[in-house]
Amino acid sequence: MRIGIPHMGNLYIPLKALFNRLNVDYVIPPLTNQRTLSLGVKYSPEGLCVPFKLTLGNLIEIAELGADTLIMPGGYGTCRLGYYAKTQEQILHDLGYNIKMIQLGVSEQKFLGLLKIIKRLANNASWPKIISAFRFGLRKLNVIDRIERVVQKVRPVELVKGTANQIFTKALDAIDKADDYRTLKKVETDYLDQLNQVAKDPEARPLIVGITGEFYVVLEPFSNFDVESELGKLGVEVRRTTFISEWTKFSMFLNPLGINEKDRIHKAALPYLKRDIGGDGWESIGEKVLHNNEYDGLVHLAPFTCMPEIIAQNIMPKTRENIPVLTIICDEQITKTGVLTRLEAFVDLLERKRRAGNHNRQRVAV
Ligand code: SF4
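Described below are features of the structure shown in this document.

### What about unusual backbone geometry?
Despite not being glycine, N124 has its phi angle at roughly 60°, a positive value. Position of N124 among the secondary structure elements: in the loop between α5 (106-121) and α6 (127-154). Judged by relative accessible area, N124 falls into the exposed class, the value being 57%. Here the phi dihedral of D226 falls at roughly 55°; this positive angle occurs in a residue that is not glycine. Within the secondary structure, D226 is located in the loop between α9 (215-219) and α10 (227-233).

### Examining the sheet that holds strand β4 (residues 207-213)
Judged by pairing direction, the sheet is parallel, and its 4 strands sit side by side in the order β5-β4-β6-β7 without closing on themselves. The open sheet has two free edges, formed respectively by β5 (236-240) and β7 (325-330), since each of these has just one partner strand. On average, each strand axis in the sheet is tilted by 25° relative to the strand beside it, whichever way the strands run. Relative to β5, β4 is paired through 5 bridges, and the arrangement is parallel.

### Notes on the nonpolar core
Formed by 53 residues in total, the largest nonpolar core has its most connected members in L22, L231, V299, L301 and I328. The contact partners of L301, leaving out residues within four places of it in the chain, are I211, T212, G213, E214, V217, V218, N224, V227, E309, I328 and C330. Formed by 22 residues, the second largest nonpolar core is a distinct cluster that contains I13, V154, A164 and A174.

### Here we look at helix α7 (residues 163-177)
Spanning 15 residues, α7 covers 21 Å between terminal C-alpha atoms, matching the ideal 21 Å at 1.5 Å per step. Looking at α7, one finds that the buried residues are T163, A164, I167, F168, A171, L172, A174, I175 and D176. On its buried side, α7 packs onto α1 (12-21), α6 and α8 (181-197).

### What about the site of the ligand?
The full set of residues close to the ligand is C49, P51, C79, R80, L81, Y84, E214, G279, P303 and C306. Across the shell around the ligand, the residue classes break down as 7 nonpolar, 1 polar and 2 charged.

### A few points about the environment of G57
Mapped onto the elements, G57 comes out in helix α3 (residues 50-64). In this structure G57 comes out as buried when scored by relative accessible area, which is 0%. Sequence separation between G57 and P6 is 51 residues, and the spatial gap between their C-alpha atoms is 8.4 Å. Once residues lying within four places of it in the same chain are set aside, the contact partners of G57 are T36, L39 and G40.

### Notes on the environment of K267
Checked against the element boundaries, K267 lands in helix α12 (residues 263-269). Each C-alpha atom, one on K267 and one on M1, is 45 Å from the other, the two residues being 266 residues apart in sequence.

### A look at α1
At 3.6 residues per turn, the α-helix brings residues three or four places apart onto the same side. In terms of burial, α1 is a largely internal element, 7 of the 10 residues being buried. When we look at burial in α1, the residues that qualify are Y12, I13, P14, L15, A17, L18 and F19. Phi for N23, located one or two positions after α1, is positive at around 50°.

### Describing the side chain of S223
Checked against the element boundaries, S223 lands in the loop between α9 and α10. A residue is classified by how much of its surface remains accessible, and S223, at 4% relative accessible area, is buried. A polar contact of 2.7 Å, which involves the side chain of S223, links it to the backbone oxygen of E220.

### Focus: the packing of α6 against α7
Orientation of α6 relative to α7, taken along the N-to-C sense of each, is 175°, at an axis distance of 10 Å. Relative to α7, the element α6 is oriented roughly antiparallel. Contact residues: K140, V143, I144, I147, E148, V151 and V154 in α6; A164, N165, F168, A171, L172, I175 and D176 in α7. By residue class, the composition of the contact of α6 with α7 is 10 nonpolar, 1 polar and 3 charged.

### Some points on the packing of aromatic side chains
This structure, assessed with the given rule, holds 4 aromatic pairs. Relative to Y84, the ring of F52 has its centre 5.0 Å away and its plane inclined at 85°; by these criteria the two rings are edge-to-face. Within this pair, whereas F52 is found in helix α3, its partner Y84 is found in helix α4 (residues 81-94), the two being separated by 32 residues in sequence. For the residue pair F52 and Y84, the accessibility class agrees, reading buried in each case. Judged by centre distance (5.7 Å) and plane angle (50°), the rings of F215 and W247 are tilted. Taken together, the residues span a long stretch of sequence, with F215 in helix α9 and W247 in helix α11 (residues 244-254) at a distance of 32 residues. Note on W247: relative accessible area 26%, which makes it partly exposed. Across the ring face of W127, the terminal group of K119 is positioned such that the distance to the ring centre comes to 4.8 Å. In this arrangement the basic side chain of R240 is found over the ring face of F243, its NZ or CZ atom lying 4.3 Å from the centre.

### Comments concerning the packing of α1 against α6
Closest axis-to-axis distance for the α1/α6 pair is 8 Å, and the angle between their directions is 160°. Regarding the angle of α1 to α6, the classification is roughly antiparallel. In this structure, α1 crosses over α6, and the sense of that crossing is right-handed. Contacts from I13, P14, A17, L18 and R21 in α1 reach K129, S132, A133, F134, F136, G137, K140, L141 and I144 in α6. Of the residues contributing to the contact of α1 with α6, the split by class is 9 nonpolar, 2 polar and 3 charged.

What counts as what
- Residues numbered from 1 in each chain as written.
- Predicted model: local features only at pLDDT ≥ 70, side-chain atom pairs only at ≥ 80, totals over all residues.
- Heavy atoms only, no water.
- Helix = DSSP H or I, 4+ residues; strand = E, 2+ residues; numbered from the N terminus.
- Buried < 20%, exposed > 50% of the residue type's maximum accessible area, 1.4 Å probe, protein only.
- Pairing = 2+ DSSP bridges.
- Axes fitted to C-alpha atoms, helices over the stretch in contact; angles between N-to-C directions.
- Core = buried A, V, L, I, M, F, W, Y, C linked by side-chain atoms within 4.5 Å.
- Contact = heavy atoms within 4.5 Å.
- Expected span 1.5 Å × (residues − 1).
- Near = heavy atom within 4 Å.
- Nonpolar A, V, L, I, M, F, W, Y, C, P; charged D, E, K, R; others polar.
- Polar contact = N/O pair within 3.5 Å; in protein donor to acceptor, adjacent residues only side chain to side chain.
- Parallel < 35°, antiparallel > 145°, perpendicular 65-115°, else oblique.
- Phe/Tyr/Trp six-rings, centres within 6.5 Å; stacked < 30°, edge-to-face > 60°.
- Lys NZ or Arg CZ within 6 Å of the ring centre and 35° of its normal.
- Left-handed = near helix turned anticlockwise from the far one by under 90°.

Written as structure tokens, this is what we have:
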């Protein structure tokens, strides 16, 4: 059995660590790119969202590399994610690939369900071995996200644009290669040091922009035109609450104990939307309300045809909390140049708003 799983951001690094430690035969497809998108678009039913198209493209590339068992994350809920695996399996069969699809229903199966699937994939490895491999993968995930949080802070203030991104790319490579906890710790310390030592503009006062929207497009840079790096280049500090390590911590360990990280955000969205609408639509509204006094603006990432985010997009302008929101529709029809122009205009608007605010404060003080 040779397995493979679609990409979502840097998740492939902890997964590799997990599979290596359990001697699972696997393939990692090329990082999501233009060919992945073209394949996905070519074979997807018309009107499906970009997460479907890109994961289908990844699955085709995995099958091309000889995998016979494909793992596709899924879940219950109001949106069509629950149908992805079945539809994609059918498309791959129609294309002539003799593959078996395993749906990873993480949200309903929680930690134990996930471990059982891993046990099956790892040829019935012992539980201590599985838990140890899982812990090491999680550790890598935490290190990646810790370093990325610092990268988000350095990008807008670095003197030589692109330095933080270069360090992050090297850090990802080193984390991928680290084979034990000691090396991993050293990698973390080294790269955090390097980021701290990047030459920064002491005068910079970056605008703070939150990133919210559908889970996959928030976490997969190819699907969102690398919006975080682009905002960083424009001198904006990005804040994002969605990280895979956080999601893993809650959905696998804390949610089964009744602790829900989303309660706060749902409560914030309640005056405008009373119920879950599937995907992350409820959370997108909550993010705007919750961070109204903390962010200068919000970038809302919404896949084209994604019903939950379309609802959120329509509710957001009507909230009392009035930070500016820029909704970016993610789809193969949208060009990066168009997105960059809109980001520049948005940042310009936020800067003017900040200047006007300072000006008014000075007048009140006078
Ligand atoms: S939330 Fe939207 S983009 Fe995500 S799977 Fe559901 S419909 Fe597609």
